[in-house]
Amino acid sequence: MLVLVAPGQGAQTPGFLTPWLDLPGAADRVAGWSDAVGLDLVHYGTKADADEIRDTSVAQPLLVAAGILSAAALGAVTPGAVAGHSVGEITAAAFAGVLDDTAALTLVRKRGLAMAEAAAITETGMSALLGGDPDISVAHLEKLGLTPANINGAGQIVAAGTMEQLAALAEDKPEGVRKVVPLKVAGAFHTHHMAPAVDTLAEAAKALSAGDPTVPYVSNKDGRTVATGAEVLDRLVGQVANPVRWDLCMETFRELGVTALLEVCPGGTLTGLAKRALPGVKTLALKTPDDLDAARELIAEHSG
């Protein structure tokens, strides 16, 4: 059984969209999305530097566009389940037929702007903890006033809070944690710091027509599958201010009988977690179009 997944913010790198725009029709498609959301996705995906694409209002639509574009390049594929990490949940909603491509880009553009505005209120950020016992780490973060914003499984937790709190974490790591790595994001996502964005996103969601998922859609909220488009939208709205439970998503993949996991562009983060948490499951990350043939072989072997 094949699971198709989409990465979240921080996966982007300068120029990562460039080779994908050489595919037939890709440049025109991305240009159309750019016009629809009022953001030059071609520029940001090809010429912008790391600081420019770190901007939340840019990074989020850029990631969703890249995910949809790279998945379309695979041709017809019916995965056994879909999921996305954080903003990747909107990409996954497009995979599942909950939102059409333009609706997904419109929603993520508003999401990115709202979260950037919320992040500007207080200087905040996120850092990944590598290694350690999850229970010990969570207790330590709470002692420092930090939120375990992403519980990713495979020994990785992402802490979020003010820059002062994150600096204290760097000086005082939880017992057993090997390293604390600052992430390329511009705010404390999936925490109370994002609460102002929830109402904005709720209003944006009201204007959308959501279809029910055509394949099992696994939610970050609790790792459960979601049966209706209305509930997917409701969860997308609330999730901006609540922790991502990717560990529970991977548990559900296992329960569903996953044998392969394919991560769309810019892939790498989620396949890395799966290699550690889902031993025996084949993984592949779409980084460039050079990976498409191998991906199609994986699909043929594990889907349906």
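Figured I'd write up the structure that's included with this text. Keep in mind that this is a model prediction, so the values were computed, not measured. (Residues numbered from 1 in each chain as written. Predicted model: local features only at pLDDT ≥ 70, side-chain atom pairs only at ≥ 80, totals over all residues. Heavy atoms only, no water.)

1. Some details on helix α1 (residues 26–37)
Logical step 1: The end-to-end C-alpha distance of α1, which contains 12 residues, comes to 17 Å, matching closely the 16 Å that a straight helix rising 1.5 Å per residue would cover.
Logical step 2: Within α1, burial applies to Ala26, Val30, Trp33, Ser34 and Val37. Taken around the axis of α1, the buried residues stretch over an arc of 105°, which confines them to a single face. The exposed residues of α1 that point more than 90 degrees off its buried face are Asp28 and Asp35.
Logical step 3: Against α2 (41–46), α4 (56–72) and α6 (101–119) lie the buried residues of α1. (Helix = DSSP H or I, 4+ residues; strand = E, 2+ residues; numbered from the N terminus. Expected span 1.5 Å × (residues − 1). Buried < 20%, exposed > 50% of the residue type's maximum accessible area, 1.4 Å probe, protein only. Arc of directions from axis to C-beta. Contact = heavy atoms within 4.5 Å.)

2. Observations concerning the environment of Ala274
Logical step 1: Within the secondary structure layout, Ala274 lies in helix α12 (residues 269–277).
Logical step 2: Owing to a relative accessible area of 0%, Ala274 belongs among the buried residues under this scheme.
Logical step 3: Separated by 37 residues in sequence, Ala274 and Val237 have C-alpha atoms that sit 26 Å apart.
Logical step 4: Once residues within four sequence positions are removed from consideration, Ala274 is found in contact with Met250, Leu261, Pro279 and Thr283.

3. Considering the pairing of strand β1 (residues 2–6)
Logical step 1: Among the 5 residues of β1, 5 are classified as buried, and the element is accordingly described as predominantly covered.
Logical step 2: Neither face of β1 is open: one carries Leu2, Leu4 and Ala6, the other Val3 and Val5, and all of them are buried.
Logical step 3: Note that β1 and strand β9 (residues 260–263) share 4 bridges and pair parallel. Within β9, the residue paired with Leu2 across the bridge is Ala260.
Logical step 4: By the bridge criterion, 4 bridges tie β1 to strand β2 (residues 81–84) in an arrangement that is parallel. Bridge pairing in β2 places Val5 opposite Ala83. (Pairing = 2+ DSSP bridges.)

4. Quick notes on the pattern of salt bridges
Logical step 1: Overall, the coordinates contain 7 salt bridges when judged by the stated rule.
Logical step 2: Of the charged contacts in the structure, one is a salt bridge between Arg245 and Asp247, with a shortest N-O distance of 2.7 Å. (Salt bridge = Lys/Arg side-chain N within 4 Å of Asp/Glu carboxyl O.)

5. Some remarks on the packing of α1 against α6
Logical step 1: The geometry of α1 relative to α6 is characterised by a closest axis approach of 10 Å and an angle of 50° between their N-to-C directions. In this view, α1 runs oblique relative to α6, as classed from their interaxial angle. Note that α1 runs across α6; the crossing there is right-handed. Across the interface between the two elements, Arg29, Trp33, Ala36 and Val37 from α1 touch Asp101, Thr102, Leu105, Thr106 and Arg109 from α6. (Axes fitted to C-alpha atoms, helices over the stretch in contact; angles between N-to-C directions. Parallel < 35°, antiparallel > 145°, perpendicular 65-115°, else oblique. Left-handed = near helix turned anticlockwise from the far one by under 90°.)

6. A word on helix α10 (residues 229–239)
Logical step 1: Restricting attention to buried positions, one finds in α10 the residues Gly229, Val232, Leu233, Arg235, Leu236, Val237 and Gln239.
Logical step 2: Elements in contact with the buried residues of α10: α5 (88–95), α6, α9 (195–206), β7 (217–218) and β8 (225–226).

7. Some points on unusual backbone geometry
Logical step 1: Residue Pro266 follows Cys265 across a cis peptide bond; omega there is -5°.
Logical step 2: In this fold, Pro266 is placed in the loop between β9 and α12.
Logical step 3: Of note, the phi angle at His190 is positive, near 65°, even though the residue is not glycine.
Logical step 4: In this structure, His190 sits in the loop between β6 (177–182) and α9.

8. A short note on the side chain of Gln239
Logical step 1: Along the polypeptide, Gln239 turns up in helix α10.
Logical step 2: Not counting chain neighbours up to four residues away, the residues in contact with Gln239 comprise Glu89, His190, Asn220, Lys221 and Val244.

9. Some thoughts on the environment of Ala277
Logical step 1: Its place among the elements puts Ala277 in helix α12.
Logical step 2: With 94 residues separating them in the primary sequence, Ala277 and Leu183 have C-alpha atoms 21 Å apart.
Logical step 3: Not counting residues up to four positions away in its chain, the partners in contact with Ala277 are Ala154, Met250 and Arg254.

10. Describing the packing of aromatic side chains
Logical step 1: One pass over the full model with this rule turns up 1 aromatic pair.
Logical step 2: An angle of 80° between the planes, with centres 5.7 Å apart, marks the rings of Trp246 and Phe253 as edge-to-face. Here Trp246 matches Phe253 in class, with each residue buried. (Phe/Tyr/Trp six-rings, centres within 6.5 Å; stacked < 30°, edge-to-face > 60°.)

11. Description of the sheet that holds strand β3 (residues 124–131)
Logical step 1: In space, the 4 strands of this open sheet follow the order β4-β5-β3-β6, with antiparallel pairing throughout. The two strands at the open ends of the sheet, each matched to only one other strand, are β4 (147–153) and β6. Neighbour to neighbour, the strand axes of the sheet diverge by 25° on average, direction disregarded.
Logical step 2: The strands touched by helix α7 (residues 134–143) within the sheet are β3, β4, β5 (156–162) and β6, with β5 carrying the most contacts at an inclination of about 0°.

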